[in-house]
Structures are given as structure tokens and as C-alpha cells.
Amino acid sequence: MAGDRRGRARRRVPARPRPHRRPTYGAGFTVDDALQPLPLGGTWEIALGNGPPLQRPLGSWTALDPGYSGRATYTRRFDVPPGFLAHGRRIQLELGEVDEIAEVRLNGRPAGDRVWAPYRLDVTDQLEPGENTLAVTVTNTQSNAFEGRALSSGLIGPVRLRPERVVDVELERNSIPTSLSASAEPTEASVLPGATQR
């Protein structure tokens, strides 16, 4: 306590601490790679169990046999165009919709299994320039056979190879980012500081 000239008591209030300022970070970068996906639509070879292969587009195998439960293998040969496996790219195989479990082989080698969405695998190391062979074995539940429900089963798609480029961004301290704008096929997105872009 302190007194003023007239003898009145006055209480001193401690100064409020200044709020701690968090450092800001920012950076700029450019990716000039078009990253065009390679669709794998068209005709596939489809074999239900040990049955003969049929040539048809992707879709539920209930169009062929509504009561079938088990496995079906979808096979497609395709060419990887020149430049698609460019240095610095990673290639993701996107299977689209799968009902239910997918086992993937690329060029005769296992590429991975997926039991739920997203049905997506990195196949960079298995892809080869020129001709490749993709085989996807799908297993459904027993509902079609035991319950007679004809649930959607198999590789529905769409299937495509999507190139990605991993970018390391070096952040600069006390640089203030104002926004991030990113565009990709088929959509465009903008992100404000503090938000997340996926």
C-alpha cells in the first residue's frame, strides 16, 4: 500500500504480463507437375471362383449370379505411358468401391490387401514402364448365399492410378501465411491458416 499527498491509502496493482506471442511460420512452393490420373475403366476379365473368365466392365457380380458368395478375380492389362513414372512421383492405386475385401497383385507380385475404405495402395515400386497386369481378388460376405439378399459384391470402381508428388516445404520463422490455395483434379480447395488440407 502507498499513500498519496492527502494521506489516502492507495493500492498498487501489479502490471499485467504481456501475452506471449507465438511465432508464425510461412513458406511458398510451386508444383508444376500436372499429376493427371490414369483411369483403368473399360473391359476387365472377371472370374467367379473357379469359373471361366468373362469379359465385361466393372460392377457387382450379382448381375452375373445374385446368389454367389465367395471370391472373384478381376484382371486387367494396361500400359503405363512414358513420363507417368517420373522421378519424385508416388503412384497410388485407387480401387474405388469394393464389396468387401480386396487382395491386389500387380505384375504377379502381391501389392497389398484392403479390408475397408479407402481401398487405396501405393504401387510405385511394382509398376513398370509399358505393359502391366493388375489382378484384384474380392471376397464378399456369406449374405448372398445364406440369406438370398443379392448384396452388391465385387470390384465396383472406378479404378485409377493417381500420381502424387511429395513436397518438402521449409517453413520460415515469423513469416505470416495468409492462405493456401490448392487445385487438383477434379476439385479445388483453399485453406486458411490453422485449418487442414487433405
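Before any of the text, the structure's been laid out above.
If you're wondering where the values come from, they're calculated on a predicted model, not measured in any experiment. (Residues numbered from 1 in each chain as written. Predicted model: local features only at pLDDT ≥ 70, side-chain atom pairs only at ≥ 80, totals over all residues. Heavy atoms only, no water.)

Visitor: I'm lost on the environment of G112 in this one. Help?
Guide: As for its placement among the helices and strands, G112 is situated in strand β11 (residues 109–114). In this structure, the C-alpha to C-alpha distance between G112 and V136, residues 24 residues apart in sequence, is 9.9 Å. Those residues in contact with G112 that lie beyond four places of it in its chain are A102, E103, V104 and L121. (Helix = DSSP H or I, 4+ residues; strand = E, 2+ residues; numbered from the N terminus. Contact = heavy atoms within 4.5 Å.)

Visitor: Even after reading the chapter, I still don't get the packing of aromatic side chains, so can you show me in this structure?
Guide: Aromatic ring pairs are defined here through the distance separating the ring centres and the angle between the ring planes. In this structure the tally under the stated criterion is one aromatic pair. Here W61 and Y68 contribute two aromatic rings whose centre-to-centre distance is 5.4 Å and whose plane-to-plane angle is 65 degrees, an arrangement assigned as edge-to-face. A residue is classified by how much of its surface remains accessible, and Y68, at 18% relative accessible area, is buried. Geometry around F84 places R89 over its ring, the cationic atom sitting 5.6 Å from the centre. (Phe/Tyr/Trp six-rings, centres within 6.5 Å; stacked < 30°, edge-to-face > 60°. Buried < 20%, exposed > 50% of the residue type's maximum accessible area, 1.4 Å probe, protein only. Lys NZ or Arg CZ within 6 Å of the ring centre and 35° of its normal.)

Visitor: Honestly, the sheet that holds strand β4 (residues 38–39) in this entry has me stumped. Any pointers?
Guide: Strand pairing in a sheet takes place through backbone hydrogen bonds and is either antiparallel or parallel in direction. Taken together, the four strands give an open sheet; going across it, the order is β4-β15-β8-β12, and neighbouring strands pair in antiparallel fashion. Both edges of this open sheet fall to β4 and β12 (120–122), since each of them pairs with a single strand only. Sheet topology note: the strand β8 (residues 89–94)/strand β15 (residues 160–165) ladder contains six bridges and is antiparallel. Paired with R90 across the strands is E164, a residue of β15. (Pairing = 2+ DSSP bridges.)

Visitor: Looking at this model, I keep getting lost on a nonpolar patch on the surface. Mind explaining?
Guide: Taken together, the side chains of V31, V167, V169 and L171 make up a nonpolar region of the molecular surface, amounting to roughly 290 Å² of accessible area. Its place among the elements puts V167 in the loop between β15 and β16 (172–173). Taking relative accessible area as the criterion, V167 reaches 34% and is therefore assigned partly exposed. (Patch = residues over 30% accessible without salt bridge, like charges linked within 9 Å, V, L, I, M, F, W, Y side chains within 5 Å. Areas by Shrake-Rupley, 256 points an atom, 1.4 Å probe, with all protein chains shown as cover. Salt bridge = Lys/Arg side-chain N within 4 Å of Asp/Glu carboxyl O.)

Visitor: Can you walk me through the sheet that holds strand β7 (residues 71–80) in this structure?
Guide: The six strands lie next to each other as β6-β5-β7-β13-β10-β11, forming an open sheet whose pairing is antiparallel. Each edge of the sheet is formed by a strand with only one pairing partner; in this case those strands are β6 (54–56) and β11. Neighbour to neighbour, the strand axes of the sheet diverge by 25 degrees on average, direction disregarded. Where strand β5 (residues 44–48) and β7 come together, four bridges link them in antiparallel fashion. Bridging from a neighbouring strand, I46 pairs with Y74 of β7. (Axes fitted to C-alpha atoms, helices over the stretch in contact; angles between N-to-C directions.)

Visitor: Help me understand the nonpolar core in this model?
Guide: Within soluble globular proteins, side chains that are nonpolar tend to cluster in buried spots. In terms of nonpolar packing, the biggest core is built from 30 residues, with F78, L93, L95, V123, L134, L155 and L161 touching the most fellow members. Mapped onto this core, the elements with two or more residues apiece are β5, β7, β8, β10 (101–106) and β13 (130–139). Broken down by element, this core gets its largest block of residues, four residues, from β7. (Core = buried A, V, L, I, M, F, W, Y, C linked by side-chain atoms within 4.5 Å.)

Visitor: What am I meant to see in the environment of D99 here?
Guide: Relative to the helices and strands, D99 resides in strand β9 (residues 97–99). Residue D99 is classed as buried on the basis of its relative accessible area, which comes to 12%. On a C-alpha basis, the gap between D99 and A117 in space is 9.8 Å, while along the polypeptide they are 18 residues apart. Discounting chain neighbours no more than four positions away, the residues touching D99 are V138, T139, N140, S152, S153, G154 and I156. Polar side-chain contacts of D99 include one of 2.7 Å to the side chain of S152. (Polar contact = N/O pair within 3.5 Å; in protein donor to acceptor, adjacent residues only side chain to side chain.)

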